[in-house]
Amino acid sequence: MRSTFPQLNASNLKTALVESTEGGNRVISYAALNLRCDRFAAGLLNERADLEEERIAFFMPASIDYVTTLHGIWRAGGIAVPLNVASAVSELEHYLSSASVSRMVANGEYRESLVELCAALNIELISVDDVMSPLISEGAEAATKDLPNIAPERRAMMLFTSGTTNKPKGVVSTHKTIAAQITTLIDAWAWTDNDSIPLFLPLHHIHGIINILSCGLWAGATVDLYEKFDMPAICEKVAAKRYNVFMAVPTIYVKLIHYFESLDADAVERISNGFKQMRLNISGSAACPVKLFDQWQALTSQVLLERYGMTEIGMGLSNPYKGERRAGHVGQPLPGVQAKLFDEENNEITAEDTPGEIRVRGDNVFLEYWNNESATTESFVDGWFCTGDVAVIDKGYFRIMGRSSVDIIKSGGYKLSALEIEGTLLTHEAIAEVAVIGVEDETWGEAVSAFVVLKSEKTLSYDELKAWCDGKMSGYKVPKNLHVVDALPRNAMGKVTKPALKDLLA
Ligand code: MLC
Ligand code: AMP
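### Description of the site of ligand 2
Okay, so step 1: Near ligand 2 there are 15 residues, and of these Glu306, Arg307, Thr311, Asp389 and Lys415 occur at the shortest range.
Okay, so step 2: A distance of 3.4 Å separates an oxygen atom of ligand 2 from a polar side-chain atom of Thr161.
Okay, so step 3: Here a nitrogen atom of ligand 2 sits 3.4 Å away from a polar atom, N or O, in the main chain of Ala287.
Okay, so step 4: When ligand 2 sits alone it has 500 Å² of accessible area, and the protein chains cover 94% of it.
Okay, so step 5: Ranked by the residues each element gives to the shell around ligand 2, the list is headed by strand 13 (residues 305-310), at five residues.
Okay, so step 6: In terms of residue class, the shell around ligand 2 is built from five nonpolar, four polar and six charged.

Below, the structure written as structure tokens:
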């Protein structure tokens, strides 16, 4: 994999990563990062010739160690399984067992929190230092001379995604998939080694991993790593004109606008000038409302570039870097990506303004759902990956209309399965029946909303429910509101009619 990240080599002394921590910044050059990744790979191999697609999970916030681990696993021939550091333990158990993970990398308090779980699942728990320290005293060449050659078709990464089913599925991409997902964006969005970008999105999803981190490293740019979305710190750096590219989910633009409202006029001007001088601001992972697009332009003069993607395909559609960026639209297929609309009989739709499912083909498309041949087969028709998203073509640009399933919710850029949340809520001792839907929300895009029928004699307040959810699901899945009803609306087949629940709210 080393050769496919052209800037990650022994002679490039430019700054690759800046890790922002409470104790100050830690900076690393491409050459030093390259050596760390090689050493980490050699340490993982520990006399083996090749990891042969061993699944190695890691539980780390954005950091130099995260990048070392990701690239080290790739270079040693393993499959990288990055996990959400905000996950509840019960969720982790599913990821680790379904991927048959054999080793887990975590440092410090994150490592401590996993001791019991790893012991129960017979997973070896290691830290970055454990892997690297035996190699530190050896010269660079000794540590790295025996790394395997990895064919591009080999499996490289597994990311978990929610579907309409109860439990998340592992989406497997190969080295070739990842290279295709990166290079199309390098081309389309004109990345160069002059770029500098903040990375504050979670690093268990493609938006953070591919669009920001991997594109940045491939291009030779500088990526500033933040453990979380630290708005004041990031805005300070924006005001200091440190960045020329900014990528975020719509919720973050909404939160920035609210933040501006809390500041005095001078502070707002400094920050908005910092955005103004950038070459590119991108929004994606969820629909960017036209109102938000306009507000951002009025505040910063930036015309947001909206694009559309998915864990299984990387990025598929994008407004142009040069040319018309149209509000409420996601543009056209990226270079090397084929995207078309199809009707329910699998006929291609070419007429404008006629809704159809977006289907995608190209080297950017994932290989398979891990250990789930039937789900993989069902998601392709004639070689096209079926996204489940419905769109129209409107004067040459795709416009997303929604999803074919009401059971998928997009909240703050996270894709959530209503059924997964319902499955957990049903284990509450007061709940007899439950239905979860996404309700339109200005900040989150969609807010998770739970409708419950209680068992007789039982009561349940929203605060009680929220407290109960703690530790049972990631915080962002916890319903934002609770509606106790006498009965759920059902059709003649007895199935809950979720659109009728939305009508109840109206
Ligand atoms: C946090 N909270 C959320 C939430 N994120 N609630 C609903 N939806 C979310 N997305 C809740 C927390 O549980 C907490 O609740 C409260 O909000 C404050 O938490 P926080 O962590 O301080 O919030 P903040 O840091 O502001 O996080 C918001 C966010 C984050 C937008 C930065 O959600 C985020 O990073 N989203 C991006 C996810 C992403 O990268 N998606 C891309 C997937 S890839 P309480 O009650 O405890 O106060 C993909 C493909 C593509 O989609 O096209 O890119
Ligand atoms: P995920 O599975 O988490 O990768 O999320 C992918 C989903 O996010 C897609 O299937 C879409 O439903 C949604 N999505 C991504 N980008 C956009 C966008 N620009 N507009 C609307 N929906 C989007």
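### A short note on the domain arrangement of the protein
Size of an interface: often given as the accessible area lost when the parts come together.
Okay, so step 1: Here the protein is partitioned into domain 1 (222-403) and domain 2 (408-505).
Okay, so step 2: Listed as interface residues are 10 residues of domain 1 and, on the opposing side, 10 residues of domain 2.
Okay, so step 3: The junction of domain 1 with domain 2 conceals about 800 Å² of combined surface from both sides, 49% of it contributed by carbon and sulfur atoms.
Okay, so step 4: If you sort the residues of domain 1 by the area they bury against domain 2, Thr251, Ser285 and Arg403 come out on top, with a joint share of 51%.
Okay, so step 5: Across the contact surface, domain 1 and domain 2 share two salt bridges.
Okay, so step 6: Where Glu446 meets Arg403, a salt bridge forms, and the shortest distance between an N and an O atom there is 2.8 Å.
Okay, so step 7: Where domain 1 packs against domain 2, one counts four residue pairs in polar contact (both at pLDDT 80 or more).
Okay, so step 8: The element that contributes the greatest number of residues to the side of domain 1 that touches domain 2 is helix 11 (residues 250-261), accounting for four residues.
Okay, so step 9: Its residues assigned to classes, the side of domain 1 that touches domain 2 shows four nonpolar, three polar and three charged.

### Some remarks on the site of ligand 1
Okay, so step 1: Not every one of the 25 residues close to ligand 1 is listed here, only the nearest: Ser285, Arg307, Lys410, Ser411 and Lys480.
Okay, so step 2: Between ligand 1 and Ser285 there is a distance of 2.5 Å, counted from an oxygen atom to a side-chain nitrogen or oxygen.
Okay, so step 3: Arg307 has a polar side-chain atom sitting 2.7 Å from an oxygen atom of ligand 1.
Okay, so step 4: Considered on its own, ligand 1 offers 1000 Å² of accessible surface; in the complex 74% of this is hidden by protein.
Okay, so step 5: Listed by contribution, the elements that provide at least two residues to the shell around ligand 1 are helix 9 (206-219), helix 11, strand 13 and strand 23 (408-411).
Okay, so step 6: Classifying every residue of the shell around ligand 1 by side-chain character gives 11 nonpolar, nine polar and five charged.
Okay, so step 7: When we break the shell around ligand 1 down by domain, the ones giving at least three residues each are domain 1 (222-403) and domain 2 (408-505).

### Description of the pattern of salt bridges
Okay, so step 1: Under the definition given, this model contains 26 salt bridges.
Okay, so step 2: Notably, a salt bridge pairs Glu442 with Lys291, separated by 3.5 Å at the nearest N-O pair. Of this pair, Glu442 sits in the loop between strand 25 (431-441) and strand 26 (445-454) while Lys291 sits in helix 13 (residues 290-300), and the two are 151 residues apart along the sequence.
Okay, so step 3: Salt bridges sharing common partners tie together Asp50, Glu53, Arg154, Arg155 and Glu368.

Criteria and cut-off values
- Residues numbered from 1 in each chain as written.
- Chains lettered and ligands numbered in written order.
- Predicted model: local features only at pLDDT ≥ 70, side-chain atom pairs only at ≥ 80, totals over all residues.
- Heavy atoms only, no water.
- Near = heavy atom within 4 Å.
- Polar contact = N/O pair within 3.5 Å; in protein donor to acceptor, adjacent residues only side chain to side chain.
- Areas by Shrake-Rupley, 256 points an atom, 1.4 Å probe, with all protein chains shown as cover.
- Helix = DSSP H or I, 4+ residues; strand = E, 2+ residues; numbered from the N terminus.
- Nonpolar A, V, L, I, M, F, W, Y, C, P; charged D, E, K, R; others polar.
- Domains from an automatic or database assignment.
- Contact = heavy atoms within 4.5 Å.
- Buried area = accessible area lost by both parts, 1.4 Å probe.
- Salt bridge = Lys/Arg side-chain N within 4 Å of Asp/Glu carboxyl O.

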